[in-house]
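Results of the structural survey
If you want the building blocks of each chain, they are given just below.
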Amino acid sequence: MDQRIIELTGLTKKYGQFTAVDHLTLSISKGEIFGLLGPNGAGKSTTILMMLGLTEPTSGVVKVCGKDPVRQPVEVKRKVGYLPDSVGFYDDYSGLENLIYTAQLNGINRTRAADLAESLLKRVGLSHDAHKKAGTYSRGMRQRLGLADVLIKRPEVIILDEPTLGIDPEGIVELLTLIRELSKEQGITILLSSHHLHQVQEVCDRIGLFVKGKLLAEGNITALAQQLFSHQPYSIEASVVFPDSNGMAKQKLTDTISRIEGVLSVELDDNKYRIGCSRNVAPAIARSITAQGADLMHLHNVEYGLSDIYHHYFKETATP
Ligand SMILES: Nc1ncnc2c1ncn2[C@@H]1O[C@H](COP(=O)(O)OP(=O)(O)OP(=O)(O)O)[C@@H](O)[C@H]1O
């Protein structure tokens with residue numbers, strides 16, 4: 001049965017006149033890995049702070065594991081593990097000692113804490129570094145220790161805010177794989193906030209695209225693309241070669257294609273036209289190209305996908 005673990009209804013946060021999160025309604029099911037995706041300043045961290053009970057919503061309702069983080073902050077903290085972009089540890093303590101300390105804070109006795117800490121260090125691939133001081137750990141190692149630190153209290157939900165920030169590409173793949181395995185093995189619900197579209201796509205079951213405080217669309221990448229580009233459901237790509245290549249001819253063809261009924265947008269990248277349309281106008285596009293004396297090398301309908309979402313919403317703010 002679908003068990004909703006996180007439920008946000010009309011959630012809004014205002015800072016003075018500025019609305020950081022605007023009527024966000026979203027539910028996440030048990031065991032799901034949900035990616036909260038959005039460019040800088042979209043309101044992702046503010047949403048997380050409200051889920052953790054660290055800032056109060058201006059209006060709307062947050063429920064995490066059936067609890068209200070504002071009224072029942074202790075209950076929520078018990079069930080939710082939070083991994084920020086940079087985790088604080090006691091740098092003079094070893095990785096193992098840090099974990100034992102956290103376990104004891106969560107009411108676990110020393111012997112059990114040591115056993116648990118050792119098995120978690122093994123799980124996150126830090127067994128060999130267990131006795132090294134946390135202060136000597138690399139960023140990737142600190143994030144893995146952070147994950148073990150979160151897991152030691154056996155959370156039902158883990159919230160990760162930009163967990164891969166500053167980690168090298170290999171470390172990112174390792175960390176994301178680990179997160180996915182943990183979720184699937186233990187049925188933990190994961191909310192991962194990021195502005196790295198490609199990383200989120202790799203690990204998440206479902207994604208919500210958040211821009212300027214609003215949830216624009218949700219679903220997997222295909223569903224997301226369909227929702228975001230529903231106003232221009234057809235995308236046609238045409239590779240064109242001009243016999244006497246000059247900028248004027250390219251611009252003239254762009255203008256001609258733009259005037260075709262049903263064409264909503266035309267983008268030119270080198271010799272490739274990307275044309276957004278309300279219906280399939282491929283024959284008319286082909287005629288325009290040849291009528292202008294250009295060679296049509298290739299013409300096909302393309303499905304909207306990751307690169308379109310990336311191009312429209314993330315180009316200026318994210319690194320793929
Ligand atoms: N305490 C605050 N006072 C005023 N404005 C704030 C405060 N906290 C956040 N904001 C504003 O709210 C908006 C959303 O910020 P938030 O940190 O939630 O975005 P984000 O999606 O997490 O961005 P990033 O990816 O850069 O971390 C931003 O415009 C930010 O400047």
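Residues numbered from 1 in each chain as written. Predicted model: local features only at pLDDT ≥ 70, side-chain atom pairs only at ≥ 80, totals over all residues.

Per an unreviewed UniProt entry, the chain is named ABC transporter ATP-binding protein, and its organism is Pseudochryseolinea flava.

Observations regarding the pairing of strand 8 (residues 206-211)
Bridge analysis of strand 3 (residues 33-37) against strand 8 gives four bridges, and the strand direction is parallel. For G35, the partnering residue across the bridge sits in strand 8 and is I207. Sheet analysis places strand 8 next to strand 9 (residues 214-219), joined by five bridges and oriented antiparallel. In the sheet register, I207 faces strand 9, and the bridge partner there is G219. Hairpin geometry of strand 8 and strand 9 is characterised by an intervening segment of two residues between the two adjacent antiparallel strands and by a positive phi of about 50 degrees at K212. (Pairing = 2+ DSSP bridges. Helix = DSSP H or I, 4+ residues; strand = E, 2+ residues; numbered from the N terminus.)

Overview of the domain arrangement of the chain
One frequently used descriptor of interface size is the decrease in accessible area upon assembly of the parts. Split by domain assignment, the chain resolves into domain 1 (4-224) and domain 2 (230-303). Each of domain 1 and domain 2 has a C-alpha centre, and these two points are 45 Å apart. (Domains from an automatic or database assignment.)

Points about the nonpolar core
If you look at the biggest cluster of nonpolar residues, it comprises 71 residues, and the most contacted ones within it are L99, A117, L120, A148, V157 and L192. Excluding residues within four positions of it along the chain, A117 makes contact with L96, L99, I100, A103 and I152. (Core = buried A, V, L, I, M, F, W, Y, C linked by C-beta atoms within 7 Å. Buried ≥ 20, exposed ≤ 12 C-beta atoms within 10 Å, placed from the backbone. Contact = placed C-beta atoms within 7 Å.)

Things to note about the site of the ligand
Taken together, Y15, F18, A20, G38, N40, G41, A42, G43, K44, S45, T46 and H195 make up the full set of residues adjacent to the ligand. Elements with a minimum of two residues in the shell around the ligand: strand 2 (18-29) and helix 1 (44-51). Ranked by residues supplied to the shell around the ligand, first place goes to helix 1 with three residues. Along the lines of polarity and charge, the residues of the shell around the ligand split into four nonpolar, seven polar and one charged. (Near = placed C-beta within 6 Å. Nonpolar A, V, L, I, M, F, W, Y, C, P; charged D, E, K, R; others polar.)

Things to note about the sheet that holds strand 4 (residues 59-64)
Taken together, the three strands give an open sheet; going across it, the order is 2-1-4, and neighbouring strands pair in antiparallel fashion. Edge positions in the sheet fall to strand 2 and strand 4, since each has one partner strand and no second. Pairwise comparison of adjacent strand axes, ignoring direction, gives a mean angle of 15 degrees for this sheet. Pairing of strand 1 (residues 4-15) with strand 4 involves five bridges; the strand directions are antiparallel. (Axes fitted to C-alpha atoms, helices over the stretch in contact; angles between N-to-C directions.)

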